[in-house]
Amino acid sequence: MENDRKKLKEAADNWRKTVLDPRVERFGLKESPTRFYTPLDVEDHSFLEKVGFPGEYPFTAGNNPFDFWRAYANEAARVDYRPEWGGAGQVGKYGGFGTSEDYRDYLLRMHSMGRKGGPNIAFDLVTQCGYDSDSPYAEGEVGRVGVAIDSFRDFQVIYEAYTGDLEIDKVPSNFTINAPAAVIIAMYACLAKKRGIPLEKLRGTPQNDILKEFIARGTYIFPPQPSMRLFRDTCVFCTEHMPMLNINSIGGYHIREAGATRVQDLAFSLANGIAYVEAGLEGGLDIDDFAPKITFNAFGGSMEFYHEIALQRAARRMWARMMRERFGAKNPRSMMIRQPITAHIGCSSTTLQRPLNNLARAVVGGMAAGMSGSIPGAYPPFDEPLGLGHSMEAVQLQLDASRIMIYEAKVADVVDPWAGSYFMESLTDEIEEASEAELEKIEKMGGAVAAIENGYMPSSVARSAYERQRSIENHEEFVVGVNCFTGENEIEVNINRVMEATYDPERMKTAEERQKVHLSKLKRGRNGKKVTTALADLKEKAKDERINLVPSICECVENEATLQEICDVLRDVFGEAQPIRV
């Protein structure tokens, strides 16, 4: 074996001197623009240790030999299935706007068209930041980028669309919200109680990923430490009372879209994951009781095809090893990174210029997804950068591109086709090594919370975003139709864009005023004494770090305290997070 390696090295050296170097010199280059990989790049590589089989530790090759969607792919083709319809056990299309009545009516319209997935709720920025619609801070934002939820009354109105065969124990719910996630989870629990449905039957996913808000998005309310207390409390409450509900959805995707590099995306996401796991353990839970319910939104993405595949493989391996070796997990599901999509290009890779090119870009991402353990989906639709909402044409092209990859190109017929490749295994090791080094740096600071408080993670993302934009402007990185191939001989290709009716623009104009009327009526009609008593109890318990606050928040919700009233009480005790200088 050693003799074979010696011969290979000699042959490689000879090839470099007699073939590669002369060609580099001939073209006047400093180095070769391409690379070639051999067994020398993966010395001491153990297939079983580093790759293994799909569905087995370390899950590099994938969480399963095949996913549920692959099992039913042919059946889906025969019945002309469209994924945005939703179905038994699935959530529907992500959405939310206006008042709860507006969104309820939209859901009912979707149900009449056969789209019967569970609610996949987008909340407006007012709700995400813990304010009510009558707050001075809310002006002009109520119901704009999501539905306005001021109270349990609003929450119940949405779920008027879910009864009978679509009762909440029969469909899952997704809540894309973070800072006030404990309040929304409490509303979900109170709704089940009111309808006589056991909490243990509730399914779904609250995003509940507050740390990435400090790093990337900015919809935080409380400082990092008390925010993590709320995560701990929701983690414990869900594990003990709502065991079928996922605890959170860790958003590496958001960090990457904010400008993080690939390595930062992975390292920061895993650092956040460690913090969440430690919070659950601090709450007295056993690792295997709650870790299987931790999910990830997604890692990635970019247009760098090979690197995005390697990123997914490295992420699965790193998380699995960390959960088993560091936290002592024994249940294989505790070691899996569960995410709805794997590799993809990310919305930030789409361009406003020559937008139809985004379809080609999305197919590149879909191919990477299909080769890294997921559905080869051509995400996002080509008109993503043209404004909120996708045209029917863009959605059709997206779906058909995904179908062509599945049914015609048969991309999904092989699990981890790169397994054992000298190139891919070397690249996976390279990304893992760099991410481990970055993660170790964060650990030495004291972990994710400390690295947020000292500004390291948010400032690193901001710096990376600036450096990438500068590289595009300096023509060090090329984006077709943006900073290259923009001459007079290039043409714009346009197609019709028809928007599916989602909401009535006239009703959107009145959403804020209508919501304020509802809120005013609620405050006049409720039992003020009960509200005051419940909020006072919450405030007192918030002062004691040892007490789980979710039951007290449920009490406030049931007595019709508003979301801002609950958050204001916690603001009084916890303080408010301040913007981090980057």
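Here the structure is shown first, and the text comes after it.
Report on the accompanying structure. (Residues numbered from 1 in each chain as written. Predicted model: local features only at pLDDT ≥ 70, side-chain atom pairs only at ≥ 80, totals over all residues. Heavy atoms only, no water.)

A tally of helices and strands in the protein yields 23 helices and five strands. A principal-axis box enclosing the C-alpha atoms of the protein has dimensions of 90 × 55 × 50 Å. Here the protein holds 582 residues, and the buried ones make up 52% of them. Here the analysis covers contacts within the protein between residues at least 6 apart in sequence; of these, 77% occur between residues at least 24 apart. A total accessible area of about 27200 Å² is found for the protein, and carbon and sulfur atoms account for 53% of it. Here the protein carries 69 positive and 85 negative side-chain charges, and the mean point of each set is 2 Å from the other. (Helix = DSSP H or I, 4+ residues; strand = E, 2+ residues; numbered from the N terminus. Buried < 20%, exposed > 50% of the residue type's maximum accessible area, 1.4 Å probe, protein only. Contact = heavy atoms within 4.5 Å. Areas by Shrake-Rupley, 256 points an atom, 1.4 Å probe, with all protein chains shown as cover. Lys, Arg positive; Asp, Glu negative; His and termini not counted. Charge placed at Lys NZ, Arg CZ, Asp CG, Glu CD.)

Okay, the packing of aromatic side chains next. All chains considered together, the criterion is met by 22 aromatic pairs. Look at Phe214 and Tyr220: their rings are 4.8 Å apart centre to centre, the planes differ by 5 degrees, and that puts the pair in the stacked class. No difference in accessibility class separates Phe214 from Tyr220, as the two residues are buried. In this structure an aromatic cluster arises from ring pairing among Tyr37, Phe305, Tyr306, Trp418 and Phe423. The ring of Tyr57 has Arg324 lying over it, and the distance from NZ or CZ to the ring centre is 3.5 Å. Here the basic side chain of Arg571 rests over the ring of Tyr131, its NZ or CZ set 4.5 Å away from the ring centre. (Phe/Tyr/Trp six-rings, centres within 6.5 Å; stacked < 30°, edge-to-face > 60°. Lys NZ or Arg CZ within 6 Å of the ring centre and 35° of its normal.)

Between two cysteines, a covalent bond joining their sulfur atoms is known as a disulfide. Evaluated as defined, the whole model comprises zero disulfides. Free of any disulfide, Cys556 has its nearest neighbouring cysteine sulfur in Cys554, separated by 9.3 Å. For Cys556, a relative accessible area of 0% corresponds to the buried category. (Disulfide = S-S within 2.5 Å.)

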